[in-house]
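Remarks on the overall topology
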Amino acid sequence: MNVTVSKAPAPAFRRPPNKLPRPGDPCWCSSGEKYKRCHKDQDHAFLKEERQRLEANRVVPAPVSPRRDVPITIRRPEYADGGPSSRGNGRHVRTPDELLRMRRACRAAAQVLRRTGERVKPGVTTDELDAFAHELTVQLGGYPSPLNYPNAPGRPRFPKSICTSVNEVICHGVPDARPLRDGDIVNLDITVYLDGMHGDTNATFFVGEVDAESAQLVEVTRECLVRGIEAVKPGRPISDIGRAIELHADRHGYGVVRSYCGHGIGDAFHTNLQIPHYFDASARTRMEPGMTFTIEPMITLGAWEELHWEDGWTVVTRDLRRSAQFEHTLLVTETGAEILTRE
Ligand code: MF3
Ligand code: CO
Ligand code: CO
């Protein structure tokens, strides 16, 4: 009998790995050939073409509307009228009364996030989303925490009521006149100050139909937040959280943004407790029942390195590939974590 052992068909085109081999090293495709004799030219052509496409489609700044007012009847955080922001009193554990008030702030933030997210669709501007979230926050008796939040010294305060981060924007995007386009992804980050406490939550939404690669990024980022929350255990170090997140991101070849972390939260928006989303052995603080902090991983399709826009706020990936994020405010319980930013 005549048996032909046919070679496996040449794989359909696959994007090059994030870390390319050196020219003399074996090709990533496991052909056994040197990289320079195999995929090198094709990879470089692909990456050049991709860079051009990403540059042509990059998010660009658009006009920012005037600052919105908050009625004087609404309690304002310490920084709202030009003062510095507080990092809290150094205590990470909340009193029962603080917790009661935090639950209200967090529930309000969750509601604003859900209802603003329902308005995401092609053609809507991020400024319109900001206006809606601002009105709703005020209606619920809250102050939109980002409004007038101070930046590093010498940089402008945050001019809007929510953060809207589109595509390659990692975080802190400023709502503006750019209409959302079919295929975009947009993160809405909502923080509400109510009853003297902050509640902070965010999610990434699809604008119309999104390509499979972006949809996968968004789903895995949601899973990264879940993994982080599952790692919350009293008695364990904070570093467990980032370890769990990084492990899951790595499995998909994604990047974990390092410069922005989760944070303690309470009567201060950001306390000095930091929650890295990658493994950081120096995050030795142990979790204790009654602590409140956020977990808010920013996960990138490509490299995690960032750049800053001139506006002093908008953070984008250097490689212009997309980034997604999800955030909850959590309470450490006797057995694990309770998600406070739920309705
Ligand atoms: N909500 C963001 C966070 O998750 C912080 C936004 S700071 C602002 O920590 F000034 F941009 F609002
Ligand atoms: Co936060
Ligand atoms: Co937030």
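Provided above is the structure to which this section pertains.
Residues numbered from 1 in each chain as written. Chains lettered and ligands numbered in written order. Predicted model: local features only at pLDDT ≥ 70, side-chain atom pairs only at ≥ 80, totals over all residues. Heavy atoms only, no water.

**Quick look at the coordination of the cobalt ion (ligand 2)**
Each pair of donors in an ideal four-coordinate tetrahedral metal site encloses 109.5 degrees, whereas pairs in an ideal six-coordinate octahedral site enclose 90 or 180 degrees. Taken together, D200 (OD), H263 (NE2), E296 (OE) and E327 (OE) make up the full set of protein donors to the cobalt ion (ligand 2), lying 2.0 to 2.2 Å away. One way to put it: the six donor atoms around the cobalt ion (ligand 2) meet at angles of 52 to 164°, and that makes the site irregular. Within one chain, the residues donating to the cobalt ion (ligand 2) are spaced in sequence as D-x62-H-x32-E-x30-E. Metal-to-metal, the separation of the cobalt ion (ligand 2) and the cobalt ion (ligand 3) is 3.3 Å; D200 coordinates the two. Of this pair, D200 sits in strand β5 (residues 197–206) while E327 sits in the loop between β13 (323–325) and β14 (328–332), and the two are 127 residues apart along the sequence. Each of the two residues, D200 as well as E327, counts as buried. (Donors = N, O, S within 2.8 Å, 3.2 Å for Na, K, Ca; no water. Tetrahedral: all angles 85-135°; square planar, octahedral: opposite > 155°, others 65-115°. Helix = DSSP H or I, 4+ residues; strand = E, 2+ residues; numbered from the N terminus. Buried < 20%, exposed > 50% of the residue type's maximum accessible area, 1.4 Å probe, protein only.)

**Section: the environment of S85**
Structurally, the position occupied by S85 is in the loop between α1 (40–56) and α2 (96–117). S85 gets classed as partly exposed once you look at its relative accessible area, which sits at 27%. The spatial distance from the C-alpha of S85 to the C-alpha of N151 is 9.3 Å, given a sequence separation of 66 residues. Here S85 is in contact with E78, Y79, Y149 and P150, once residues within four sequence places are set aside. (Contact = heavy atoms within 4.5 Å.)

**Looking at the site of ligand 1**
Around ligand 1, the surrounding shell holds 14 residues, and the nearest of these are P146, H263, H270, E296 and E327. Between ligand 1 and T191, the relevant distance is 3.3 Å, taken from a nitrogen atom to a side-chain nitrogen or oxygen of the residue. Measuring from an oxygen atom of ligand 1, one finds a side-chain N or O atom of E327 at 3.0 Å. In isolation ligand 1 offers 330 Å² of accessible surface; the protein chains occlude 97% of this area. With respect to the pocket detection grid, ligand 1 is positioned in the largest pocket. (Near = heavy atom within 4 Å. Polar contact = N/O pair within 3.5 Å; in protein donor to acceptor, adjacent residues only side chain to side chain. Areas by Shrake-Rupley, 256 points an atom, 1.4 Å probe, with all protein chains shown as cover. 1 Å grid on protein atoms, 1.4 Å probe; cavity = no way out; pocket = protein on both sides within 12 Å on 5 of 7 lines; lining within 4 Å. Sits in = over half its atoms within 2 Å of the grid points.)

**Some details on unusual backbone geometry**
Even without being a glycine, H172 presents a positive backbone phi close to 60°. Structurally, H172 is set in the loop between β3 (169–171) and β4 (185–194). Positive phi outside glycine occurs at D195, with the angle close to 55°. Take D195: it is sitting in the loop between β4 and β5. What makes D195 partly exposed here is its relative accessible area of 30%.

**Thoughts on empty space enclosed by the protein**
Across all of its chains, the model carries two cavities of 30 Å³ or more by this definition. In this structure, the largest cavity spans a volume of roughly 90 Å³. If you trace the largest cavity, you find it lined by V59, V60, T126, T164, V166, V169, G173, V174, D176, R178, W309 and T314. Considering only enclosed or pocket space, the second largest cavity measures out at about 40 Å³ in volume. When its residues are assigned to classes, the lining of the second largest cavity shows no nonpolar, six polar and three charged. (Points joined across faces, edges and corners; volume = space filled by probe spheres on them. Nonpolar A, V, L, I, M, F, W, Y, C, P; charged D, E, K, R; others polar.)

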